[in-house]
Amino acid sequence: MALRLYDSATREVRDFTPLQPGKASLYVCGLTVQSEPHVGHVRSGVNFDVLQRWLRASGYETTFIRNVTDIDDKILAKSAEQGRPWYNLGYEMNRELDAAYASLNVARPTYEPLATGHVPEIIELIEELIAKGHAYAAEDGSGDVYFDVRTWPAYGELSGQRIDDMEAAADADPRGKRDPRDFALWKGRKVTEPETASWPAPWGRGRPGWHIECSAMAGKYLGPAFDFHGGGLDLRFPHHENEQAQSRAAGRPFASYWLHNAWITTSGEKMSKSLGNSLVIPEVLKKVRGIELRYYLVAAHYRSHVEFSFEALQEAAAGFQRIEGFLERAESVIGADAMAASAADGVPCADFVNAMDDDLGTPAAVAALHEVVREGNRLLPDGDSPALRGVAASVRAMLDVLGLDPADPAWGPASGEDEKLTGALDVLVRGVLDERAQARAAKDWARADALRDRLKEAGIEIEDTPEGPKWSVN
């Protein structure tokens, strides 16, 4: 079964036919770095990370570009409120975003361009659009430049709208526009804005509009035509609609497939800063580990809305811990060296492959993963065997595709000190477990239960297995 994905432009699931055989090109709209990223923000990062992992696992040489918007109306407004330079705010929030992605094992893209680093390419594209009659400089002396939507009859095709039914574009003062729906390509500097937030251009000092930056950066790194363009569902209009219109009006075929991930909602509403219901990543990670939060996000289909709750998150964490438990028990049976070697030898099961090829069907893929884990648990009592080793290798291969392999260094200890602390704790816990084993052997059940309760009070859970007791920090 070939990889098939839902194309938002055609509104159907389509076979993936790459522009270049054996290669895949992907552009994803990153975040506007105005404040700390929340769970809704990182969902897109996780979803498209899974896509690029699956493309590579399927044998495609993949180029993945994910931009960062580091100049924007909101960044200027937020920085003014906080009394700090706009570039300082953007830089700090970009570092927060990097940390959030790292905490969820979101792999770095091939390149992550900044809008401010591509002003020459943006100006060049605007000049092309003006020369072709699809853009114009405002006559009011503002320095603004607009895309003329009436010159592009296909405008609205991505989002399925008619121009006359659209609301006015609210991205600039409408007085300089020929049509209220025309959108800004370049914004002339206002006297209230800092000089540093502007660049020289043929129409006067100013800065890029939001939409033009992605067209310019996608073109620079992926060429005039590329395979996939992705982002959150909320970006389909106006951002992606405008990207496609201006790019194709300039003679660039642009994206062959459009992919959009759905929202994470709270109380039925899209998670956003404006609603005041955002959940920033460091706060969420006080309740669960990063690998468990990623599992929660991966287990839902990327096109399905997710109603966030900590109860559901804890249930997901428990589900992932069952997978981890199998891997830990398997390692104790087949040995650490054999377990480490399994990572390179593993092959995902057929049900997993079919699920992933069917529009990145991660819910079915996770179900297939759990079924293989159940088979592994049935094999454990029989000891080391080629079958058990094969199951463990397959589980790790599937987890790697999902970015959830516990042995991935991304999930490892942050420093050597952590390893020392873990080792010291293991010695202490093992001492208590030895006392408990002696009490059980002497049938002193009260003493055995008291020792177990002491560990539980310290946040240490004990699981009795055929191979002996295992401990974990709760």
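Residues numbered from 1 in each chain as written. Predicted model: local features only at pLDDT ≥ 70, side-chain atom pairs only at ≥ 80, totals over all residues. Heavy atoms only, no water.

Chemist: I tried to follow the UniProt feature "short sequence motif: 'HIGH' region" (unreviewed entry) in the chain on my own but got confused; where do I start?
Modeler: UniProt feature "short sequence motif: 'HIGH' region" (unreviewed entry): in the numbering of this structure it lies at residues 31–41. With 27% helix and 0% strand, residues 31–41 has its two end C-alpha atoms placed 8 Å apart. (UniProt positions renumbered as here; feature names shortened; annotations may be inferred. Helix = DSSP H or I, 4+ residues; strand = E, 2+ residues; numbered from the N terminus.)

Chemist: Sorry, what's going on with the sheet that holds strand β8 (residues 206–208) here?
Modeler: Neighbouring strands of a sheet are bound in pairs by backbone hydrogen bonds; such pairs are parallel or else antiparallel. Here four strands make up an open sheet; going across it, the order is β5-β6-β7-β8 and the pairing antiparallel. On the outer flanks of this sheet lie β5 (135–137) and β8, each paired with one strand and no other. Going from strand to strand, the sheet's axes swing by 20° on average, the running direction of each strand aside. Relative to β8, strand β7 (residues 183–188) runs antiparallel, the two being bridged by three bridges. The residue bridging Gly 188 from the neighbouring strand is Gly 206, located in β8. Contacts between helix α4 (residues 119–131) and the sheet are confined to β5, β6 (145–147), β7 and β8, with β7 contributing the most and set at about 125° to the helix. (Pairing = 2+ DSSP bridges. Axes fitted to C-alpha atoms, helices over the stretch in contact; angles between N-to-C directions. Contact = heavy atoms within 4.5 Å.)

Chemist: Help me understand the domain arrangement of the chain in this model?
Modeler: Interfaces are often described in size by the accessible area the parts lose on coming together. Domain parsing of the chain yields domain 1 (4–261), domain 2 (306–411) and domain 3 (417–473). For domain 1 and domain 2, the distance between their C-alpha centres works out to 37 Å. With 13 residues of domain 1 in contact, the opposing surface of domain 2 contributes 17 residues. Counting the surface lost from both domain 1 and domain 2, the interface buries some 1,300 Å², and carbon and sulfur atoms represent 62% of this. Joining domain 1 to domain 2, the criterion identifies zero salt bridges. Put simply, domain 1 and domain 2 have seven residue pairs in polar contact (both at pLDDT 80 or more) between them. Looking at the side of domain 1 that touches domain 2, the elements that each hand over two or more residues are β1 (4–7) and α1 (39–57). Of all the elements, α1 adds the most residues to the side of domain 1 that touches domain 2, at seven residues. Of the residues contributing to the side of domain 1 that touches domain 2, the split by class is eight nonpolar, two polar and three charged. (Domains from an automatic or database assignment. Buried area = accessible area lost by both parts, 1.4 Å probe. Salt bridge = Lys/Arg side-chain N within 4 Å of Asp/Glu carboxyl O. Polar contact = N/O pair within 3.5 Å; in protein donor to acceptor, adjacent residues only side chain to side chain. Nonpolar A, V, L, I, M, F, W, Y, C, P; charged D, E, K, R; others polar.)

Chemist: Any chance you could explain the environment of Gly 325 here in plain terms?
Modeler: Along the polypeptide, Gly 325 turns up in helix α9 (residues 310–334). Owing to a relative accessible area of 9%, Gly 325 belongs among the buried residues under this scheme. For the pair Gly 325 and Glu 463, spaced 138 residues apart in the sequence, the C-alpha separation amounts to 9.6 Å. (Buried < 20%, exposed > 50% of the residue type's maximum accessible area, 1.4 Å probe, protein only.)

Chemist: Looking at this structure, how should I read the packing of aromatic side chains?
Modeler: For any pair of aromatic rings, the description consists of the separation of the ring centres together with the inter-plane angle of the planes. Under the criterion given, the structure shown has 17 aromatic pairs. When the centroid spacing of 6.4 Å and the interplanar angle of 70° are considered together, the rings of Trp 86 and Trp 199 count as edge-to-face. With a gap of 113 residues between them, Trp 86 in helix α3 (residues 86–103) and Trp 199 in the loop between β7 and β8 connect regions that are remote in the sequence. Put simply, the rings of Phe 16, Tyr 60, Phe 228 and Tyr 257 touch in pairs and so form one group of aromatic residues. The aromatic ring of Tyr 136 is capped on one face by Arg 178, whose charged end is 4.0 Å from the ring centroid. The residue whose ring lies beneath Lys 287 is Phe 310, and the NZ or CZ to ring-centre distance is 5.0 Å. (Phe/Tyr/Trp six-rings, centres within 6.5 Å; stacked < 30°, edge-to-face > 60°. Lys NZ or Arg CZ within 6 Å of the ring centre and 35° of its normal.)

Chemist: Explain the nonpolar core here, please?
Modeler: In globular proteins that are soluble, nonpolar side chains generally tend to be buried together. With 120 residues, the main nonpolar core has Phe 352 and Val 395 as its most contacted residues. Tallying contributions element by element places α9 first for this core, with nine residues. Per-domain counts for this core show at least three residues from each of domain 1 (4–261) and domain 2 (306–411). Leave out the neighbours within four places in its chain, and Phe 352 touches Trp 54, Ala 365, Ala 368, Met 398, Val 401 and Leu 402. Counting eight residues, the second-largest nonpolar core is a separate cluster that includes Leu 433, Leu 451, Leu 455 and Ile 460. (Core = buried A, V, L, I, M, F, W, Y, C linked by side-chain atoms within 4.5 Å.)

Chemist: Just to check I follow, could you spell out the environment of Pro 469 for this structure?
Modeler: Along the chain, the position of Pro 469 falls in strand β15 (residues 468–473). The sequence separation of Pro 469 and Leu 279 amounts to 190 residues, and the corresponding C-alpha distance is 37 Å. Beyond its immediate stretch of four places on either side in the chain, Pro 469 contacts Arg 430, Leu 433, Ile 462, Glu 463 and Asp 464.

Chemist: Hey, could you run me through the packing of helix α12 (residues 362–379) against helix α13 (residues 386–402) in this one?
Modeler: The N-to-C vectors of α12 and α13 enclose an angle of 155°; their axes lie 9 Å apart at closest approach. If you check the angle between α12 and α13, you find them roughly antiparallel. As α12 packs across α13, the resulting crossing turns out to be left-handed. Here Thr 362, Val 366, Leu 369, Val 372, Val 373, Glu 375, Gly 376 and Leu 379 of α12 come into contact with α13, specifically with Ala 387, Leu 388, Val 391, Ser 394, Val 395, Met 398, Leu 399 and Leu 402. Residue composition of the contact of α12 with α13, grouped by class: twelve nonpolar, three polar and one charged. (Parallel < 35°, antiparallel > 145°, perpendicular 65-115°, else oblique. Left-handed = near helix turned anticlockwise from the far one by under 90°.)

Chemist: Looking at this structure, I do not really get the pairing of strand β2 (residues 12–15). What am I missing?
Modeler: Note on strand geometry: in a regular strand, side chains alternate between the two faces of the sheet. Relative to β2, β1 is paired through four bridges, and the arrangement is antiparallel. Directly across from Asp 7, in β2, lies its bridge partner Glu 12. Here β1 hands over to β2 after four residues, with Arg 11 in that stretch at a positive phi of 60°.

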